[in-house]
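# Residue-level structure breakdown
This is what each chain is made of:
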Protein chains: 2
Amino acid sequence: MPPSTPAAPAPSAEKSATPETSEERFQQSPLAREVAFLTARARGRGNALANQLLADLDLKVRHFSVLAMACSGTKPSQRELGEFLDLDPSQVVALVDVLEGRGAIRREPDPRDRRSKILVATEAGRELYAQAAERTRQAEEQTLRALSPAERDQLRELLAKIVF
Amino acid sequence: MPPSTPAAPAPSAEKSATPETSEERFQQSPLAREVAFLTARARGRGNALANQLLADLDLKVRHFSVLAMACSGTKPSQRELGEFLDLDPSQVVALVDVLEGRGAIRREPDPRDRRSKILVATEAGRELYAQAAERTRQAEEQTLRALSPAERDQLRELLAKIVF
DNA sequence: TATTGTTATACTCTATAACTATA
DNA sequence: TATAGTTATAGAGTATAACAATA
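Reading the values: the criteria
Residues numbered from 1 in each chain as written. Chains lettered and ligands numbered in written order. Predicted model: local features only at pLDDT ≥ 70, side-chain atom pairs only at ≥ 80, totals over all residues. Heavy atoms only, no water. Near = heavy atom within 4 Å. Polar contact = N/O pair within 3.5 Å; in protein donor to acceptor, adjacent residues only side chain to side chain. Helix = DSSP H or I, 4+ residues; strand = E, 2+ residues; numbered from the N terminus. Nonpolar A, V, L, I, M, F, W, Y, C, P; charged D, E, K, R; others polar. Core = buried A, V, L, I, M, F, W, Y, C linked by side-chain atoms within 4.5 Å. Buried < 20%, exposed > 50% of the residue type's maximum accessible area, 1.4 Å probe, protein only. Contact = heavy atoms within 4.5 Å. Expected span 1.5 Å × (residues − 1). Arc of directions from axis to C-beta. Salt bridge = Lys/Arg side-chain N within 4 Å of Asp/Glu carboxyl O. Phe/Tyr/Trp six-rings, centres within 6.5 Å; stacked < 30°, edge-to-face > 60°. pLDDT = per-residue confidence, 0-100. Buried area = accessible area lost by both parts, 1.4 Å probe.

All right, on to the protein's contact with DNA strand D then. What surrounds DNA strand D is a group of 18 residues, the closest being Arg62(A), Asp88(A), Gln78(B), Arg79(B) and Arg115(B). When atoms of DNA strand D within 4 Å of the protein are sorted by moiety, sugar and phosphate together comprise 68%. In the environment of DNA strand D, a base oxygen lies 3.1 Å from a nitrogen or oxygen atom belonging to the side chain of Ser90(A). Residue Lys117(B) places a side-chain N or O atom 3.0 Å away from a phosphate oxygen belonging to DNA strand D. For the surface near DNA strand D, the secondary-structure elements that each account for two or more residues are α5 (89-101) and β2 (113-121) of chain A together with α4 (78-84), α5 (89-101) and β2 (113-121) of chain B. Among the residues making up the surface near DNA strand D, the classes are represented as two nonpolar, six polar and 10 charged.

Structure, rendered in structure tokens:
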């Protein structure tokens, strides 16, 4: 009988042999190793937190994304924006309507194709974006707080590789 | 006039100065560097592909996740499962109803708490899971095909760190 | 003839509240 | 009193089809 094995978890205990939380238990499941599951959970949590922080600006993540692209100087048309953000053309219409109604963005005619409309931010839109971007920055900080700066960059690079 | 500069993109061209696709253009935007955006896009694409590959089994990713946990041997209650999968209790009921109706899983009484029900897979359920897991494996392979095996492990580790 | 934005519409997913049976 | 599961219901998100203007 070895005298120097102090803190072993006593595997022979009869009743409370499973004091671990279900979260810990489930981390052993195969599902918990699937990238699809992990990204779904990451995006779910991140989205919820970001929506929460954006709430006092009366914005949701989806509106923020449209506003961000309108502020980016890349002059997206509605169609292009929909493809980039994985949004249906009809959804883009609805989101743009909201932001244009708030005076944050404008639909400008495309001189090269009069069918399409280019989205640009107004001065008020750029101000709103500045406030919103600060909040999403906080959300990202909190979401990634378990990672070192180097790991955060790694994650960004790996994700960019698979989606672009 | 240097004779040995053959394939320069001729930056002084007047008209077609933007031959790049909008996707390339938008990758320069600040939004494209936000982890929230990248994970949302990753999960959107991954989810769509997985749903597509699971379609001939009459399953969607959400059903697959429940089935996977029922097959995992971790004996989740409906409540615990909902927390792990970010699903509302009422959604769990609906998903479990479908899978139980197909004979893939069973609700078993929890001897320690007669209010809660533990989800376990039937033999048919384990067979269905085997087929479905092969398809989600294919989906992951395709989603991550731009990454080396080492990079895939890295990504898994980083994601696990932020969601667990 | 094909494409952009738009509208109307329906469908899926998600969230809320109330109920029951147990604890 | 609080919690697990259930039900009903409403809301948000998403997808589909048809149309007008333009290419």
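Membership of the largest hydrophobic core comes to 80 residues, with the highest contact counts inside it found for Leu155(A) and Leu155(B). Filtering out sequence-adjacent residues up to four positions away, Leu155(B) remains in contact with Val35(A), Leu155(A), Leu158(A), Leu159(A), Ile162(A), Leu144(B) and Leu147(B).

Along an α-helix, residues three or four positions apart point the same way, because every turn accommodates 3.6 residues. Residues and elements named next belong to chain A. In a regular helix each residue adds 1.5 Å, so 13 residues correspond to 18 Å; α5 covers 18 Å between its end C-alpha atoms and thus fits that length. Along α5, the residues that are buried comprise Val92, Leu95, Val96 and Leu99. Seen along its axis, α5 keeps its buried residues to an arc of 100°; they face one direction. Buried residues in α5 make contact with α3 (61-71), α4 (78-85), β1 (105-110) and β2. Of the residues flanking the end of α5, it is Gly103, one or two places downstream, whose phi is positive at about 75°.

What is expected of a backbone is that most residues other than glycine have negative phi and most peptide bonds are trans. In this structure, Asp86(A) takes a positive phi of about 55° despite not being glycine. For Asp86(A), the position within the fold is in the loop between α4 and α5. Unusually for a residue other than glycine, Lys75(B) sits at a positive phi of about 50°. Residue position: Lys75(B) is located in the loop between α3 (61-71) and α4. Its relative accessible area of 48% is what places Lys75(B) among the partly exposed residues.

Evaluation of the coordinates by the stated rule reveals 30 salt bridges over all chains. One salt bridge in this structure joins Arg107(A) and Glu100(A), with 2.7 Å as the shortest N-O distance. A residue is classified by how much of its surface remains accessible, and Arg107(A), at 22% relative accessible area, is partly exposed. Across the salt bridge formed by Arg135(B) and Asp56(B), the nearest N and O atoms sit 2.9 Å from each other.

The next point concerns the environment of Leu128(B). All names here are of chain B. By the element assignment, Leu128 lies in helix α6 (residues 123-143). Overall, Leu128 belongs to the buried group, its relative accessible area being 11%. Discounting residues that sit within four places of it in the chain, Leu128 has contacts with Leu57, Leu59, Leu67, Arg102 and Ala104.

This part is about the packing of aromatic side chains. Here the distance between the centres and the angle between the planes together describe a pair of aromatic rings. Under the defined criterion, the tally for this structure stands at eight aromatic pairs over all chains. Seen in terms of ring centroids, Phe64(A) and Tyr129(A) are 5.8 Å apart; in terms of plane orientation they differ by 20°. Their pairing is stacked. Linking Phe64(A) in helix α3 with Tyr129(A) in helix α6 (residues 123-143), this pair joins segments that are 65 residues apart in sequence. On the basis of an interplanar angle of 65° and a centroid distance of 5.2 Å, the ring pair of Phe84(A) and Phe26(B) is categorised as edge-to-face. Of this pair, Phe84(A) sits in helix α4 while Phe26(B) sits in helix α1 (residues 22-26), each in a different chain. The exposure class assigned to Phe26(B) is buried, which follows from its relative accessible area of 1%. Aromatic rings pair up to connect Phe26(A), Phe37(A), Phe84(B) and Phe164(B) into one cluster.

Right, let's get into the confidence of the model for chain A. Interpreting fine coordinate detail is not advised for predicted regions of low pLDDT. When pLDDT is averaged along chain A, the result is 91; 88% of the residues meet or exceed 70. This model gives residues 1-18 of chain A a pLDDT under 50, and the stretch forms two contacts once residues within four places in sequence are excluded.

On to the interface of chain A and chain B, then. On the side of chain B, 56 residues touch chain A, which itself brings 56 residues to the contact. Interface area, chain A with chain B, both sides summed: about 5500 Å², of which 66% is carbon and sulfur. Run the count over chain A and chain B and you get eight salt bridges. With its nearest N and O atoms 2.7 Å apart, the salt bridge here joins Glu151(A) to Lys161(B). Linking chain A to chain B there are 16 residue pairs in polar contact (both at pLDDT 80 or more). Every element with two or more residues in the side of chain A that touches chain B is listed here: α1 (22-26), α2 (35-54), α3, α4, α6 and α7 (149-163) of chain A. Its residues assigned to classes, the side of chain A that touches chain B shows 28 nonpolar, 10 polar and 18 charged.

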